Amino acid sequence: MKVALVTGGSSGIGAGVARRLRASGVKVVVADVAEPADVRCDVSVLEDNLRAVDFVMKEHGRLDLAFLNAGVASGCGVGDDFDPALYRRAMGVNLDGVVFGAHAAIPALKASGGGTIVATASMAGIVGIPLDPIYAANKHAVVGLVRSLGAALAPDGIKVQALCPSFADTAILGDARVLLEAEGFPIMEVDQVVDAFEKVVASEGTGECWFVVPGRESEPFTFRRAPGPR
């Protein structure tokens, strides 16, 4: 039986993925600061990530898939509304949580003969978001991490992919929901993101960033090649 770890799995996209994985016969361990969770995990704390993976290995003896999904809205900008505590919280959960989660999961995935890491980034990791530059900054960092780790971990049989959804119907929208609805911007159902997640896991690629936007089939975003030296 395959075993998956899902961070931020108590609600939203994480909960949707956990349900879908369980329905397909995968044993799922949910790690979250909120209930219901199999193991409490503040992903911004390295030790919590290590403890979550240790729990998986002790309970099930293997790890095949790590879905590093936990995320928060930034809650501030970089101007007059800048709040160092909110900034550190957003960077801690959205970026450190992926770095720490990958660091914790890699030895377990290697011990299982390989596997997959999927990180929840965002379309904010591919395009600029003037209304929330801090969120865009940490999601761009996740995209860069995934693109780099894909090649680095391929020799170990570990795929690394990023899921990059647009606005989905989750609590992270917060007050932005009213603005989006007023502008007529479509808000996706969580199931559409979960469908894309399944495509990502089933794909043979690595180091890819899959966009998930309303009305389009999800696929890896094509980055232009950077100019090299002459």
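Residues numbered from 1 in each chain as written. Predicted model: local features only at pLDDT ≥ 70, side-chain atom pairs only at ≥ 80, totals over all residues. Heavy atoms only, no water.

Q: Please explain helix 6 (residues 190–202) as it appears in this structure.
A: Because each turn of an α-helix spans 3.6 residues, side chains separated by three or four positions end up pointing in the same direction. Its 13 residues place the ends of helix 6 19 Å apart at the C-alpha level, agreeing with the 18 Å of an ideal helix rising 1.5 Å per residue. Of all the positions in helix 6, only Val190, Val193, Val194, Ala196, Phe197 and Val200 are classed as buried. The arc that holds the buried residues of helix 6, viewed along the axis, is 160 degrees, so those residues lie on one side. (Helix = DSSP H or I, 4+ residues; strand = E, 2+ residues; numbered from the N terminus. Expected span 1.5 Å × (residues − 1). Buried < 20%, exposed > 50% of the residue type's maximum accessible area, 1.4 Å probe, protein only. Arc of directions from axis to C-beta.)

Q: Looking at this structure, I do not really get the packing of helix 1 (residues 12–23) against helix 6. What am I missing?
A: To describe two helices that pack against each other, one gives the angle between their axes and the distance between the axes. Their axes nearest at 9 Å, the elements helix 1 and helix 6 cross at an angle of 55 degrees. Of the possible angle classes, the one that applies to helix 1 and helix 6 is oblique. Between helix 1 and helix 6 the crossing geometry is right-handed. Contact residues: helix 1 offers Gly12, Ile13, Gly16, Val17, Arg20 and Leu21, while helix 6 offers Val190, Asp191, Val193, Val194, Asp195, Phe197 and Glu198. Its residues assigned to classes, the contact of helix 1 with helix 6 shows 7 nonpolar, 2 polar and 4 charged. (Axes fitted to C-alpha atoms, helices over the stretch in contact; angles between N-to-C directions. Parallel < 35°, antiparallel > 145°, perpendicular 65-115°, else oblique. Left-handed = near helix turned anticlockwise from the far one by under 90°. Contact = heavy atoms within 4.5 Å. Nonpolar A, V, L, I, M, F, W, Y, C, P; charged D, E, K, R; others polar.)

Q: How should the sheet that holds strand 5 (residues 115–120) be read in this particular structure?
A: In a beta sheet, neighbouring strands are held together by backbone hydrogen bonds and run either parallel or antiparallel to one another. The 8 strands lie next to each other as 3-2-1-4-5-6-7-8, forming an open sheet whose pairing is mixed. The outermost strands of the open sheet, each flanked by one partner alone, are strand 3 (39–40) and strand 8 (219–220). Of the strands in this sheet, strand 4 (65–68), strand 5 and strand 6 (158–165) touch helix 3 (residues 84–111), which is tilted by about 170 degrees from strand 5. (Pairing = 2+ DSSP bridges.)

Q: Can you help me understand helix 2 (residues 46–60) in this one?
A: With 15 residues, helix 2 extends 21 Å between its outermost C-alpha atoms, agreeing within 8% with the 21 Å of an ideal straight helix rising 1.5 Å per residue. Buried residues of helix 2: Asp48, Asn49, Ala52, Val53 and Val56, and no others. The buried residues of helix 2 occupy an angular sector of 135 degrees when the element is viewed end-on, so they sit on one face. Count one or two residues on from helix 2 and you reach Gly61, which has phi positive near 80 degrees.

Q: Hey, could you run me through the pairing of strand 7 (residues 208–212) in this one?
A: As a general feature of sheets, a regular strand has side chains that alternate between the two faces. Among the 5 residues that make up strand 7, 4 are buried, leaving the element largely enclosed by the rest of the structure. As defined by bridge partners, strand 6 adjoins strand 7 across 5 bridges and the pair is classed as parallel. Within the sheet, the bridge partner assigned to Ala162 lies in strand 7 and is Cys209. Relative to strand 8, strand 7 is paired through 2 bridges, and the arrangement is antiparallel. Paired with Trp210 across the bridge in strand 8 is Pro220. Hairpin remark: strand 7 followed by strand 8, antiparallel, with 6 residues in the connecting loop; positive phi at Gly215, about 80 degrees.

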